[in-house]
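What follows is the residue order along each chain.
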Amino acid sequence: MASRSTYGACTALCLTGLTLFLLSPNLLTSVPLFAAPIPCNRSNTEPVTQDCKCSVNATTNECTEGRFCWISDVCIAAAKVKDCPTSDTEALVDECKCVQTEDNIADCSKGHFCYTDHRCNSEIKGFTNLGDGKCQAKVLTFMPKAGLFNCHAGCNARKDCTGYSVTPGAAGHCMLWKGELAGGGAPWQGAQCYKKQ
């Protein structure tokens, strides 16, 4: 460090850590030799707009513009695929990730079911979809405005129920069936026939 004894007449050059300080009677300037990393705005769906620091252990701006700094502090080239809502009876409205793995892949398609045990299937759990129309079997009971979930649960709860038909919508009408059952029955307000497995 170089300095003079009279501060008013001095200009000192000081090197402290990684920052260069220029001192004079009328000026105090700090000039960083190395800029500190810029923390990323973390998002699973939005790319970063500049090079930035994503990993908590990084010492540089390791996540480059256009990549994604996920909320889990990982810099990835793609947006995180959203996790599926799980249900044994509600079909998915968009493709999503159902199986719990490290892969960033949409593995369950729209219209499929992501079961509560995180398995993707094209059928409601415990039942096989036999297609449009009523089932062909003996009527067990009629449940007006029950909806798919209650219709499914109602048939599951009864040993004598071999399947059901339900019309679309949250308040769809439900018909439970008993005995030998087949699909291909009469059309009924867009209903489909489900056979218990």
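Use the structure listed above.
Every value quoted in this text rests on a predicted model; they were computed, and no experiment measured them.

Visitor: Sorry, what's going on with the pattern of salt bridges here?
Guide: Where charged atoms of side chains with opposite charge meet at close range, the side chains can pair. Taken as a whole and judged by the stated rule, the model has five salt bridges. When the shortest N-O distance is used, the salt bridge between Asp117 and Arg119 registers 2.9 Å. When its relative accessible area of 39% is taken as the criterion, Asp117 is described as partly exposed. A relative accessible area of 41% places Arg119 in the partly exposed class.

Visitor: Just checking my understanding: could you explain the state of the cysteines for this structure?
Guide: Two cysteines, two sulfur atoms, one covalent bond between them: this is a disulfide. Enumeration over the complete set of coordinates arrives at nine disulfides. Paired by a disulfide, Cys98 and Cys114 hold their sulfur atoms 2.1 Å apart. A torsion of 90 degrees about the S-S bond marks the disulfide between Cys98 and Cys114 as right-handed. Of this pair, Cys98 sits in the loop between β5 (75-76) and β6 (113-114) while Cys114 sits in strand β6, and the two are 16 residues apart along the sequence.

Visitor: Whenever I open this one, the environment of Arg158 confuses me. Can you help?
Guide: Looking at where Arg158 falls in the secondary structure, it is placed in the loop between α1 (147-156) and β10 (163-166). Residue classification places Arg158 among the partly exposed residues on the basis of a relative accessible area of 34%. Along the backbone, Arg158 and Leu176 are 18 residues apart, and their C-alpha atoms lie at a distance of 9.7 Å. Not counting the four nearest positions on each side in its chain, Arg158 is found in contact with Leu140, Thr141, Leu176 and Lys196.

Visitor: Looking at this structure, how should I read the nonpolar core?
Guide: A general tendency of soluble globular proteins is for nonpolar side chains to be buried together. Core analysis: the largest hydrophobic core is formed by 15 residues, its most contacted members being Ile124, Cys151, Cys155, Tyr164, Val166, Leu176 and Tyr194. If you tally residues by element for this core, the top one is α1, at three residues. Other than its neighbours up to four places away in sequence, Cys155 contacts Phe127, Cys161, Thr162, Gly163, Tyr164, Leu176 and Lys196.

Visitor: What exactly am I supposed to notice about the environment of Ser87 here?
Guide: The topology assignment puts Ser87 in the loop between β5 and β6. A sequence separation of 30 residues divides Ser87 from Asp117, and the C-alpha atoms of the two residues are 9.0 Å apart. Ignoring sequence-local partners within four residues, the contact set of Ser87 consists of Phe113, Cys114, Tyr115 and Thr116. Within polar-contact distance, the side chain of Ser87 engages the backbone nitrogen of Thr89 at 3.1 Å.

Visitor: So what exactly am I meant to see when it comes to the side chain of Ser165 here?
Guide: Within the secondary structure, Ser165 is located in strand β10. Taking the relative accessible area as the measure of exposure, Ser165 reaches 0% and is therefore buried. From its side chain, Ser165 meets the backbone nitrogen of Cys135 in a polar contact 2.9 Å long. A distance of 3.0 Å separates polar atoms of two side chains, one belonging to Ser165 and the other to Trp177.

Visitor: Explain the packing of aromatic side chains here, please?
Guide: Two aromatic rings, taken as a pair, are described by how far apart their centres are and by the angle between their planes. Counted under the stated rule, the structure contains three aromatic pairs. Measuring from ring centre to ring centre gives 5.0 Å for Phe127 and Tyr164, while their planes differ by 65 degrees; the resulting arrangement is edge-to-face. Of this pair, Phe127 sits in strand β8 (residues 127-132) while Tyr164 sits in strand β10, and the two are 37 residues apart along the sequence. Given a relative accessible area of 0%, Phe127 falls into the buried group. Classification of Tyr164 by relative accessible area gives buried; the value is 0%. With centroids separated by 6.3 Å and ring planes inclined at 55 degrees, the aromatic side chains of Phe142 and Trp188 adopt a geometry described as tilted. Of this pair, Phe142 sits in strand β9 (residues 136-143) while Trp188 sits in the loop between β11 (174-182) and β12 (192-196); the two residues are 46 residues apart in sequence, bridging distant segments of the chain. Using a relative accessible area of 13% as the deciding quantity, one classes Trp188 as buried.

Reading the values: rules and limits
- Residues numbered from 1 in each chain as written.
- Predicted model: local features only at pLDDT ≥ 70, side-chain atom pairs only at ≥ 80, totals over all residues.
- Heavy atoms only, no water.
- Salt bridge = Lys/Arg side-chain N within 4 Å of Asp/Glu carboxyl O.
- Buried < 20%, exposed > 50% of the residue type's maximum accessible area, 1.4 Å probe, protein only.
- Disulfide = S-S within 2.5 Å.
- Helix = DSSP H or I, 4+ residues; strand = E, 2+ residues; numbered from the N terminus.
- Contact = heavy atoms within 4.5 Å.
- Core = buried A, V, L, I, M, F, W, Y, C linked by side-chain atoms within 4.5 Å.
- Polar contact = N/O pair within 3.5 Å; in protein donor to acceptor, adjacent residues only side chain to side chain.
- Phe/Tyr/Trp six-rings, centres within 6.5 Å; stacked < 30°, edge-to-face > 60°.

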